[in-house]
Amino acid sequence: MHSVLDLPSLRKQKILLLLERDGKVMASELVDHFAVSQDTIRRDLGELAAAGLLQRVHGGALPRPKDTGKDYFTRVGETSEVKRHLAQLAAQRAQDGQIVLFDSGTTTLRIAQSLPHSLHLTAVTHSPLIAVALAEHPHIKVILAGGQLNPATMSATGHEAIRLIQGIKADLLFTGVCALHPQIGISSQHYDEVAVKQVMLDSASQVVAVTLGDKLGAVEPFVVAPCTRIHTLITEQSMDGASVDSYRRMGIEVIQADA
């Protein structure tokens, strides 16, 4: 079996883009599109399937089956005590007078809800739900980046959101993590999230990521950035040392805690 570490090739990334756009890919069409052999395409599809990034079918491939089918609001309602505690730890990183970027996601929403009421700062987000949560805070100025709403992530994407975030130099970013692999880096299930996440990383002096252990070592179809773009990783105490040591060796501050 080929290693998942081989995945970030340009051709495989383009295959996943075509799959997201069209809902299926045919091996014969990929051969013509990339001007490569059938064996090359067969090998590419096999490696992507082995990594869980698509489903092989006769003559081509389909998107992988959804893991849970749960929508954003269901995931918010199912937030665990561990995730709440990790979000509270992350919220302590915010300081008075800062400009803070909030990426989309149920964990970053919990971080926003965990900020102390005495805190004075400016918050920038492309998540309408996070903006609404922060609007109730007595001392936070909220800037909402607009664009096309992705119902799966409840976040705005596109040129408008990217342009606004590019014009901001933030002190801190709370970033959402779909998957974090030591070699592959930060990756996302949704292609339209990638550009927004990248400009957020570029715009922040410090980056804090909060995630449960099941996201560590995982890979999603679309690569965002190397792990080294994260400065602090907050995750579960139950993760064994080997699972987090690779991140520490990259110079990332790793904080482990349970509820």
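Here's what I pulled together on the structure shown here. (Residues numbered from 1 in each chain as written. Predicted model: local features only at pLDDT ≥ 70, side-chain atom pairs only at ≥ 80, totals over all residues. Heavy atoms only, no water.)

Some details on the packing of aromatic side chains
Turning to step 1, where the next piece is worked out: Taken as a whole, this structure holds 2 aromatic pairs when the rule is applied.
Turning to step 2, where the next piece is worked out: Ring geometry for Phe102 versus Phe174: centroids 5.4 Å apart, planes at 45°, classification tilted. With Phe102 in strand E4 (residues 99-102) and Phe174 in strand E9 (residues 170-175), the pair connects residues that are 72 residues apart, well separated along the chain. Phe174 matches Phe102 in its accessibility class, with the two residues each being buried. (Phe/Tyr/Trp six-rings, centres within 6.5 Å; stacked < 30°, edge-to-face > 60°. Helix = DSSP H or I, 4+ residues; strand = E, 2+ residues; numbered from the N terminus. Buried < 20%, exposed > 50% of the residue type's maximum accessible area, 1.4 Å probe, protein only.)

Quick word on unusual backbone geometry
Turning to step 1, where the next piece is worked out: We note that Ala35 has phi near 55°; this positive angle belongs to a residue other than glycine.
Turning to step 2, where the next piece is worked out: By secondary structure assignment, the location of Ala35 is in the loop between helix H2 (27-34) and helix H3 (38-50).
Turning to step 3, where the next piece is worked out: Phi at Met154 is positive, roughly 50°, even though this residue is not glycine.
Turning to step 4, where the next piece is worked out: Tracing the sequence through the fold places Met154 in the loop between strand E7 (148-150) and strand E8 (155-157).
Turning to step 5, where the next piece is worked out: Its relative accessible area of 13% is what places Met154 among the buried residues.

Quick look at the sheet that holds strand E10 (residues 179-181)
Turning to step 1, where the next piece is worked out: The 3 strands are arranged E10-E11-E13 in an open sheet whose pairing can be described as antiparallel. Each edge of the open sheet carries a strand with a single partner, namely E10 and strand E13 (222-225). Strand-to-strand twist of the sheet, defined as the mean angle between neighbouring strand axes without regard to direction, takes the value 35°.
Turning to step 2, where the next piece is worked out: For strand E11 (residues 185-188) and E13, the ladder comprises 3 bridges, and the chain directions are antiparallel. Paired with Ser187 across the bridge in E13 is Val223. (Pairing = 2+ DSSP bridges. Axes fitted to C-alpha atoms, helices over the stretch in contact; angles between N-to-C directions.)

Things to note about the environment of Val199
Turning to step 1, where the next piece is worked out: Counting through the fold element by element, Val199 comes out in helix H9 (residues 191-203).
Turning to step 2, where the next piece is worked out: Residues Val199 and Ile162, spaced 37 residues apart in sequence, show a C-alpha to C-alpha distance of 6.7 Å.

Let's talk about the pattern of salt bridges
Turning to step 1, where the next piece is worked out: For the coordinates displayed, the defined rule picks out 9 salt bridges.
Turning to step 2, where the next piece is worked out: Put simply, Lys12 and Glu47 hold a salt bridge, and the shortest N to O gap is 3.0 Å. Placement of the pair is Lys12 in helix H1 (residues 10-22) and Glu47 in helix H3, with a sequence separation of 35 residues.
Turning to step 3, where the next piece is worked out: Residue Glu253 pairs with Arg93 through a salt bridge whose shortest N-O separation is 3.1 Å. Note that Glu253 is positioned in strand E15 (residues 253-256) and Arg93 in the loop between helix H5 (81-91) and E4, a separation of 160 residues in sequence.
Turning to step 4, where the next piece is worked out: Assessed through its relative accessible area of 36%, Glu253 is described here as partly exposed.
Turning to step 5, where the next piece is worked out: The class for Arg93 is partly exposed, based on a relative accessible area of 27%. (Salt bridge = Lys/Arg side-chain N within 4 Å of Asp/Glu carboxyl O.)

Considerations on H1
Turning to step 1, where the next piece is worked out: The end-to-end C-alpha distance of H1, which contains 13 residues, comes to 18 Å, matching closely the 18 Å that a straight helix rising 1.5 Å per residue would cover.
Turning to step 2, where the next piece is worked out: Within H1 the residues assigned to the buried category are Lys12, Gln13, Ile15, Leu16, Leu18 and Leu19.
Turning to step 3, where the next piece is worked out: Residues of H1 that are buried in the fold lie against strand E1 (25-26), H2, H3, strand E3 (60-62) and E13.
Turning to step 4, where the next piece is worked out: After H1 finishes, the residue Gly23 shows a positive phi value of roughly 85°. (Expected span 1.5 Å × (residues − 1). Contact = heavy atoms within 4.5 Å.)

As for the environment of Gly251
Turning to step 1, where the next piece is worked out: Within the element layout of this structure, Gly251 appears in the loop between helix H10 (241-248) and E15.
Turning to step 2, where the next piece is worked out: Overall, the relative accessible area of 61% leaves Gly251 in the exposed class.
Turning to step 3, where the next piece is worked out: Each C-alpha atom, one on Gly251 and one on His231, is 7.7 Å from the other, the two residues being 20 residues apart in sequence.

Comments concerning the nonpolar core
Turning to step 1, where the next piece is worked out: Ranked by internal contacts, the top residues of the largest apolar core, which has 43 residues, are Leu30, Leu45, Leu101, Leu180, Leu233 and Tyr247.
Turning to step 2, where the next piece is worked out: At 5 residues, the largest contribution of residues to this core is made by H9.
Turning to step 3, where the next piece is worked out: Contact partners of Leu30, with chain neighbours within four places excluded, come to Ile15, Leu18, Val25, Ala35, Ile41 and Leu45.
Turning to step 4, where the next piece is worked out: Core analysis: the next-biggest nonpolar cluster, separate from the first, contains 24 residues, Leu86, Ala94, Ala123 and Ala257 among them. (Core = buried A, V, L, I, M, F, W, Y, C linked by side-chain atoms within 4.5 Å.)

With respect to the packing of helix H8 (residues 159-166) against H9
Turning to step 1, where the next piece is worked out: One can describe the packing of H8 onto H9 by two numbers: an axis separation of 9 Å at closest approach and a directional angle of 5°. When the interaxial angle is binned, H8 and H9 end up roughly parallel. Taken together, the residues of H9 that come into contact with H8 (itself represented by Ile162, Ile165 and Gln166) are Ala195, Val196, Val199, Met200 and Ser203.
Turning to step 2, where the next piece is worked out: Broken down by class, the residue content of the contact of H8 with H9 amounts to 6 nonpolar, 2 polar and no charged. (Parallel < 35°, antiparallel > 145°, perpendicular 65-115°, else oblique. Nonpolar A, V, L, I, M, F, W, Y, C, P; charged D, E, K, R; others polar.)

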